[in-house]
Structures are given as C-alpha cells and as structure tokens.
Amino acid sequence: VPGIASVRIALTSQRTRRLSIAVASGKGGVGKSTVSANLAVALKAGGRRVGLVDADIYGPSQPKLLGVEGSQPTAKEKVLQPVATPFGVPLLSMGMLVAPDQAIAWRGPMAAGALGQMMDANWGDADTLVLDLPPGTGDVQLTMIQKHRPAGAVIVSTPQDLALIDARRAIDLFKKAGIPIIGLVENMAGYACPHCGEVSDPFGKGGAEAAAADLEIPFLGRIPLDIAIRTASDAGQPPASGNLPEAAAFTAIGDAVLR
Ligand code: ADP
C-alpha cells in the first residue's frame, strides 16, 4: 500500500541516526578534553557533520578550547541551540549551563538533567556527536552509558595512568555495559623537543600499546607531550584545525576511530 510506505519513510527520516562517540579517561589531566576537541575537528575535516557535547562537569574546558569562551546557547521551545564555533563544530558545554565563577558541585540528578538537555538539543544535521565525559566512573558516565548509549568509547590515557590502572577501570565500565571500546589513545607519550621536534621517551615506549593488546582493545595512536599542542589549545586553536605538524596525530586518530 503506497500510503503505508510513505508513512514509514517519513518516520525514518525524522529519527536521528547519529553516531555518538564517548571520550573517557581514568583520571583528570591526561588530555581527554584536548583529544575530544581535536577528534571532533579532525572528523569534521574528514567530511563528517560533527557536534561536541562537553559533559565534563568538573572542568568544562571545551568553550575555551574551541574559542567560544563566554558564549551562551539560546533555547527554542525549551530545546537548546548549540553554540557555533569557528571550526564548524557546534558545541554545548556543562560550563555554559552554570555561571562561570560558580563551582560545579551538582548532585547526580542535576547533572543528569543537564546532560539530557545537551543530548536532546537541536543538533541539526549533525551525523556525529563527540562526548567529552568527566574523568573516572561517576554519575555522569553511568547516565551517559545507561540512558544515552553511545556507539563506542575512546579511552585516553597517559603511560602513567595506565600503569596506575585508572584507565583500566574506565575501560571495564564500558565493557560491562556492553558499549564497544573503539580504542585507546596514549597522550603525553614521549616529549617533543620544541627546538628540533625530535620525540624522546623519558618513561620508555610501548607500554600503552602492550596494555591495549593485553586488554584486547585497539590501539589508536600516541600523541607526544608537545608545547605547541598546549599553546595552540590555550589560544582556542585546536591543533587539528591548523597546519601544525601536530595535526597529523589527531587526524590519524580520527581515521582510526572511523575504521
Ligand atoms: P583532561 O581533559 O584529561 O583533564 P586536558 O585536555 O584539559 O585534560 O589537558 C590538561 C592540560 O594538558 C591542558 O593544559 C592541555 O593543554 C595540556 N595537554 C594535553 N595534551 C597535551 C599534549 N599532548 N602536549 C602538551 N600539552 C597537552
């Protein structure tokens, strides 16, 4: 019956068919937000339509990383409209939902409510959402996993974090919930000399790759500790957006995520 067929088509086209990628870490300060921002920008450069959800309730840094500090989302009929960024990646951040000088000390249900509002925002034609989660294995991660069911998780770790098993705990949380682990990114792996660019490995090399093999998850690549990454990030210019040599590492991770 032609009538039924056209109703079906209308329903599918309305449904949001979006790939959501959670970016998680065992603890703070390992570069999870940096990787999230640059992964989003790299995927965008690769032709996807990407939105970014900054759910890091303890340190929402995406507005700064994407150069839109102080911008506020609008709301239309109670639906949030993400903030446009210079990199073509619309953004919503926990940091936009509270006053900037207010310590984010929300209880679980408030954070879950804010997360829901960001996930249900008007993401327009975005086909991919990158989700920057708080570090560790708390309420926001559980709500994200149970309620919003990301398609997969990228785990960011420093070599030390893996040694301290925090990253393993984060991996375990996703595995137990049946969310596939897309892979492990080793950040701050080796030190890139600001003068000659040579990467040296004061803590040795290959530990994270071996740990990934041990945990039977893909290894997505290593990003050195590199002053250019920090200065570009602090200036609201994600290294993946420019022609810094540092962009290549993030592009490679974006490619690995989509494989
Ligand atoms: P997290 O989200 O895990 O708390 P951030 O992404 O905020 O970590 O990074 C913490 C700090 O380390 C930031 O100042 C960031 O610019 C810096 N940083 C992250 N990755 C690198 C890197 N590969 N090289 C140099 N600095 C980095």
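The structure reproduced in this document is the subject of the present report. No experiment lies behind these values; they were computed from the predicted model shown.

**Concerning the overall build of the protein chain**
Inference 1: A count of helices and strands for the protein chain gives 10 helices and 10 strands.
Inference 2: A compact globule built from 259 residues would reach a C-alpha radius of gyration of about 18 Å, and the protein chain, at 18 Å, matches this within 12%.
Inference 3: For the C-alpha atoms alone, the extent of the protein chain along its principal axes is close to 65 × 40 × 40 Å.
Inference 4: Put simply, the protein chain has 259 residues, and 45% of those count as buried.

**Observations concerning the site of the ligand**
Inference 1: The environment of the ligand is made up of 19 residues, and the closest members are Gly 31, Lys 32, Ser 33, Thr 34 and Arg 230.
Inference 2: Put simply, the parts of the chain that give the shell around the ligand at least two residues each are α2 (32-45), β8 (181-192), β10 (219-225) and α9 (227-234).
Inference 3: Within the shell around the ligand, the residues separate by chemical class into six nonpolar, 10 polar and three charged.

**Describing the nonpolar core**
Inference 1: One finds Val 23, Leu 39, Ala 55, Leu 131, Val 154 and Ile 155 to be the most contacted residues of the largest nonpolar core, which totals 69 residues.
Inference 2: For this core, the element with the most residues is α2, which contributes seven residues.
Inference 3: Ignoring any residue separated from it by four or fewer positions in sequence, one finds Val 154 in contact with Ile 21, Val 23, Leu 39, Ile 182, Gly 183, Val 185, Leu 220 and Val 257.

**Thoughts on the environment of Leu 91**
Inference 1: Locating Leu 91 in the fold gives a position in strand β5 (residues 91-93).
Inference 2: C-alpha of Leu 91 to C-alpha of Lys 78: the two residues are 13 residues apart in sequence and 17 Å apart in space.
Inference 3: When neighbours within four sequence positions are excluded, Leu 91 is seen to be in contact with Leu 52, Asp 54, Gln 62, Pro 63, Leu 66, Val 68, Pro 82, Val 83 and Thr 85.

Cut-offs used in this document
Per chain, residues are indexed from 1 in the order of the written sequence. Local features in a predicted model are, by the rule used here, given only for residues with pLDDT of at least 70; side-chain atom pairs are given and counted only at 80 or more, and totals for whole chains, interfaces and linings are based on all residues. A run of H or I in DSSP becomes a helix once it reaches four residues, and a run of E becomes a strand once it reaches two; helices and strands are each numbered from the N terminus. When we talk radius of gyration, it's over C-alpha atoms, and the globule rule is simply 2.2 Å times the number of residues to the 0.38. Comment: burial labels come from other C-beta atoms within 10 Å of the residue's own C-beta, placed from the backbone, where a count of 20 or more is buried, 12 or fewer is exposed, and between is partly exposed. A residue counts as near a molecule or strand when its C-beta atom, positioned from the backbone, falls within 6 Å of it. Just so you know the grouping, Ala, Val, Leu, Ile, Met, Phe, Trp, Tyr, Cys and Pro go in nonpolar, Asp, Glu, Lys and Arg go in charged, and all remaining residues, Gly too, go in polar. To define a nonpolar core, we join buried Ala, Val, Leu, Ile, Met, Phe, Trp, Tyr and Cys residues through C-beta atoms within 7 Å and take the resulting set. Here contacts are defined at the residue level, using C-beta atoms placed from the backbone and a cut-off of 7 Å between them.

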